[in-house]
Amino acid sequence: KQCSLNCLMCDEISTDVVMFDNLNWEVPSRTIVIVGSYNGLVCIDANVSGLFLWNPSNGKSKELPDLDVEVPEYSDQYYIIFGFGYDEVNDDYKVVEIICTFDDCAVLSSGRRDVNVYSMRNESWKSLGNFQGGYIAQEQCGIVLNGNLHWPLKKEDYLSICCVDLPSETYREM
């Protein structure tokens, strides 16, 4: 079952659709990260300017709402990673955000991994809880395989995989 990109990004669904070329980028370094793409829809992290879904076939984009979460007191000791995929079971595009905080710069596996998911269908964020332990590389966007997003996870004495199941909106270590 496929969801039409034309239907997904049309004005009837969202009133805040803007042309991608006309976005006002306020990123000092002018860098963007392509988080992922699926069925022609591209998810872009524009750093401080926001997170966008872009349909290059019609040039339209949608800025995702900010996740209403408080930045930790030790704000210099956190980073955010993203993943983007399509949930075939629920016919929904989803963005996963993992906020990684750590208590000790020397031990990056300490701290929390708060997992959140954005649903295009519901147009809202949902918290999936706190994934404990392990270090997920800052530069690594989630990789889609079999309807799940995956990130390499470094534990103290072994390597593993952090997996977010898009249909059930759950996560686990593999």
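Coordinates for the structure precede this section.
All figures in this text were calculated on a predicted structure; none of them were measured in a lab. (Residues numbered from 1 in each chain as written. Predicted model: local features only at pLDDT ≥ 70, side-chain atom pairs only at ≥ 80, totals over all residues. Heavy atoms only, no water.)

A. How the structure looks around the overall build of the protein. Per the secondary structure count, the protein includes one helix and 13 strands. Its helices and strands taken in sequence order, the protein reads α-β-β-β-β-β-β-β-β-β-β-β-β-β from the N to the C terminus. When the 174 residues of the protein are sorted by exposure, 48% land in the buried category. Excluding contacts between residues fewer than 6 apart, the proportion of contacts in the protein whose partners are at least 24 apart in sequence is 45%. (Helix = DSSP H or I, 4+ residues; strand = E, 2+ residues; numbered from the N terminus. Buried < 20%, exposed > 50% of the residue type's maximum accessible area, 1.4 Å probe, protein only. Contact = heavy atoms within 4.5 Å.)

B. Quick look at the nonpolar core. Core analysis: the largest hydrophobic core is formed by 17 residues, its most contacted members being Val35, Cys43, Leu51, Leu53, Leu64, Phe84 and Val95. Once residues within four sequence positions are removed from consideration, Cys43 is found in contact with Val33, Ile34, Val35, Gly36, Leu51, Phe52, Leu53, Phe84 and Val95. The next biggest cluster of nonpolar side chains, apart from the first, holds 16 residues, and it includes Ile81, Cys100, Val117 and Leu149. (Core = buried A, V, L, I, M, F, W, Y, C linked by side-chain atoms within 4.5 Å.)

C. Layout of the sheet that holds strand β12 (residues 159-165). Overall, antiparallel pairing links the four strands, which are arranged β10-β11-β12-β13 in an open sheet. The open sheet has two free edges, formed respectively by β10 (143-145) and β13 (170-173), since each of these has just one partner strand. Taken over all neighbouring pairs, the strand axes of this sheet differ in orientation by 30° on average, direction set aside. Taken together, the three bridges between β10 and strand β11 (residues 148-154) define a ladder with antiparallel strand orientation. If you follow Ile143 over to β11, its bridge partner there is His150. (Pairing = 2+ DSSP bridges. Axes fitted to C-alpha atoms, helices over the stretch in contact; angles between N-to-C directions.)

D. Quick peek at the pattern of salt bridges. All told, the structure shown has four salt bridges when counted by the stated rule. Close ionic contact of Arg121 with Asp91 constitutes a salt bridge, the shortest N to O distance being 3.2 Å. Of this pair, Arg121 sits in the loop between β8 (112-119) and β9 (124-130) while Asp91 is found in the loop between β6 (78-87) and β7 (92-101), placing the two residues 30 residues apart along the sequence. Classification of Asp91 as buried rests on a relative accessible area of 14%. In this structure, a network of salt bridges that share partners links the residues Asp87, Lys94, Lys126 and Glu169. (Salt bridge = Lys/Arg side-chain N within 4 Å of Asp/Glu carboxyl O.)

E. Spotlight on the packing of aromatic side chains. Scanning the model with the defined rule gives four aromatic pairs in all. Look at Tyr38 and Tyr86: their rings are 5.8 Å apart centre to centre, the planes differ by 20°, and that puts the pair in the stacked class. Placement of the pair is Tyr38 in strand β2 (residues 33-38) and Tyr86 in strand β6, with a sequence separation of 48 residues. Among the aromatic side chains, those forming a connected cluster through ring pairs are Tyr38, Phe84, Tyr86 and Tyr93. (Phe/Tyr/Trp six-rings, centres within 6.5 Å; stacked < 30°, edge-to-face > 60°.)

F. Highlighting the environment of Ala137. Among the structural elements, Ala137 can be located in the loop between β9 and β10. For the pair formed by Ala137 and Ile80, sequence separation is 57 residues and the distance between their alpha carbons is 10.0 Å. Once residues lying within four places of it in the same chain are set aside, the contact partners of Ala137 are Tyr79, Ile81 and Pro152.

G. Fine view of the pairing of β13. Bridge count between β12 and β13: four bridges; the pairing is antiparallel. From the neighbouring strand, Cys163 faces β13, where its bridge partner is Arg172. Between β12 and β13, which pair antiparallel in sequence order, lie four residues; one of them, Glu169, sits at a positive phi of approximately 50°.

H. How the structure looks around the environment of Gln77. Along the polypeptide, Gln77 turns up in the loop between β5 (60-63) and β6. Sequence separation between Gln77 and Thr101 is 24 residues; the distance between their C-alpha atoms is 5.9 Å.

I. How the structure looks around the state of the cysteines. Summed over all chains, the structure comprises zero disulfides. With no disulfide of its own, Cys162 lies closest to Cys163 among cysteine sulfurs, the gap being 7.4 Å. Assessed through its relative accessible area of 1%, Cys162 is described here as buried. (Disulfide = S-S within 2.5 Å.)

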